[in-house]
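Coordinates in review
Spelled out from the first residue to the last, the chains are:
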Amino acid sequence: MTNHSLVNNTTNTECIVLCPDIETLKQTQPSQSLTLVKLLEYAQGYGCGGGTFTWLNDSIREDDGGIFFRVNALGGWLRETQGFINSDWFGYNSNDEKFNVAPVWLAVLSYAKKYGGEVTVPSRNYVYSGTIGMEVDLGIFGFVSKGCKVDASSFSGTLIRVFSSKGYPEGAYLNTIFSLSGFAFVGNRESENIGLLTGHDNYKYNGQCLIQHCSFDRFGTNIKFGNSTWRYKFNHVNSRQAKDYVLHVPVGLIDSGESIFFDHCQLFDGGGSTITISCNSFTINMISCSILNTKIIIDAAASAKLLMFGGNIENPGSSAGNKFAEVVGGHTCMLVLNGTTLTSNNPSSFRQSLFTVSKNNTLVFESIKFGSGFDNIENNESMRMYVSPGGGTVMCNNCILELNSGGNKIPVHDSFNSLYNGGFESGNNSGWLLDNQENPDQTAIVSANAAKTGSFGVRLTSYQDKGIVSLTQKIAAIPGKYILASCWRRVIKESTGSAYSGAMMVHFYNSADVNISSIGQNIASTISDWSIGGAFVCAIIPPGTAYALVSLSSQYGAIVDFDDIIINIL
């Protein structure tokens, strides 16, 4: 130790002692002239953890290993904190890149739990190992950094739990003061570990808990919600490449699910892991968030919701078109996409519909642009649609199509098919009007032989020498709305004297029954197996339209089968 004069005036002489490390500090006794100590570093070779200490006469306060160091029964040296708590003060070795920071951070969090304040972690790379995770009580203290990376690949358990122990009404304002902020946590993707756990079994008032500017990467479950998770706020948080769940809301949570918000977050590169909401009556809101190469699954028994406002769902860099979302709960579950960008890179790689919604559940598209070029979805499913056929309810409000992109267009879902009996599953052609030019040889027969899916389809048999047979159905049509169509068709017998065996058409009429315009797609005069038709039967319904007439036809001796005719108006 070396003494240096710090202050020298007529009233007193105050000296400072330069201490090389904590062990020396704990052996330094105070005196009348010695009231201030300058610590150079926590331990020799650590390169950090130093600071200024003053003597505190206190026979009760415990040595906490970072702020107060007891010297004798009467007192000890108290660090000058200047309003914050630096994690280095509790014994981090900045010169050892493999140093296990777990005991240091557990000690500093224990101190913060007792005395409150904000724990600041210097920006550098850390290693956190062992089996004891961290608890951050945001009702009492904050845990913040400006961009440190934490390697927890050798850790086992739940790495960090965020909650508030303050009840109501005290917690109503205390919970808004602190946050978990500025950390990048990286786990071991082969483990069952949890990166972040929210809520608490013993503390119920966790509203306004804030996690921001953090990332959770490569845990078994990156982010898991626990009991009493409500009104949590996630701001600029990333979750990536989990083993099982990028985000998991498990079954049976108590006192949870109210007003959970993700703001400008990214949940991505799932690699088979998912965003799964399995808890009843649980609602998550996402604002301007990105979900990339990660499936959303809502499978709660009842009343779980995910609402996305803006943001995007996409499959960047993926060679396989994986499903975007499944709403497959028991009942009253909902996914709402409002202004969300749906980007399907390499759309021809999709072998299944982008979305699934099961019976008694709902999928809402609001202000969505639907893309094109999905040429292979029918390989695995009965019809080429954005949402798997059958099941629950799909709603589209203020949505648009890429009319000028050149790619094939597909309907959104059959739950709002404008046609009655579009699949002829009634066993007859009810809802359709037959026009056979008063020729009994021109027929429209509903039978199993004409079915592609289900039990029935319709076979249109035309008479040679310019005969045309058609089925038509009148549907409501609103000017300015988008209309698009799809059907299964096959040619059993080609036409004679024409390049086309038939067509699928939509004709637009005004209130005076005058045809305004028509759109449609011809069927080549070649014997063929089942294929999708109607991909380019799409348009903006023209001004003055009072109704539309959908037409299926066969001509000039051709025999054509039709099934699953779908008209969507957006």
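1. Examining the overall build of the chain
A count of helices and strands for the chain gives three helices and 47 strands. The C-alpha atoms of the chain give 34 Å as radius of gyration, which overshoots the globular expectation for 570 residues (25 Å, by more than 25%). Taking the principal axes of its C-alpha atoms as reference, the chain extends roughly 125 × 45 × 40 Å. A buried classification covers 55% of the 570 residues belonging to the chain. When contacts within the chain are restricted to residue pairs at least 6 apart in sequence, those whose partners lie at least 24 apart make up 71%.

2. A look at helix 2 (residues 102-115)
Helical geometry note: an α-helix holds 3.6 residues per turn, so side chains three or four residues apart project in the same direction. If you check helix 2, its first and last C-alpha atoms are 20 Å apart, about what 14 residues at 1.5 Å a residue would give, namely 20 Å. Along helix 2, the residues that are buried comprise Ala102, Val104, Trp105, Val108, Leu109, Tyr111 and Ala112. Turning to helix 2, the residues buried within the fold contact strand 7 (85-86), strand 8 (117-121), strand 9 (125-127), strand 10 (134-137), strand 11 (141-151) and strand 13 (180-186).

3. Remarks on the layout of surface pockets
The volume enclosed by the largest pocket comes to roughly 210 Å³. Around the largest pocket sit 16 residues that line it, and Asn293, Thr294, Lys295, Asn322 and Lys323 are the ones nearest its centre. Within the lining of the largest pocket, the residues separate by chemical class into three nonpolar, ten polar and three charged.

4. Focus on the environment of Ala503
Inspection of the secondary structure puts Ala503 in strand 42 (residues 500-509). According to the relative accessible area criterion, Ala503 is buried, its value standing at 7%. When the C-alpha atoms of Ala503 and Leu552 are compared, they prove to be 6.0 Å apart, with 49 residues separating the residues in sequence. Among all residues touching Ala503, those that are not within four sequence positions of it are Gln521, Asn522, Ile523, Ser551, Leu552, Ser553 and Phe562.

Conventions and cut-offs
Residues numbered from 1 in each chain as written. Predicted model: local features only at pLDDT ≥ 70, side-chain atom pairs only at ≥ 80, totals over all residues. Heavy atoms only, no water. Helix = DSSP H or I, 4+ residues; strand = E, 2+ residues; numbered from the N terminus. Rg over C-alpha atoms; globule rule 2.2 N^0.38 Å. Buried < 20%, exposed > 50% of the residue type's maximum accessible area, 1.4 Å probe, protein only. Contact = heavy atoms within 4.5 Å. Expected span 1.5 Å × (residues − 1). 1 Å grid on protein atoms, 1.4 Å probe; cavity = no way out; pocket = protein on both sides within 12 Å on 5 of 7 lines; lining within 4 Å. Points joined across faces, edges and corners; volume = space filled by probe spheres on them. Nonpolar A, V, L, I, M, F, W, Y, C, P; charged D, E, K, R; others polar.

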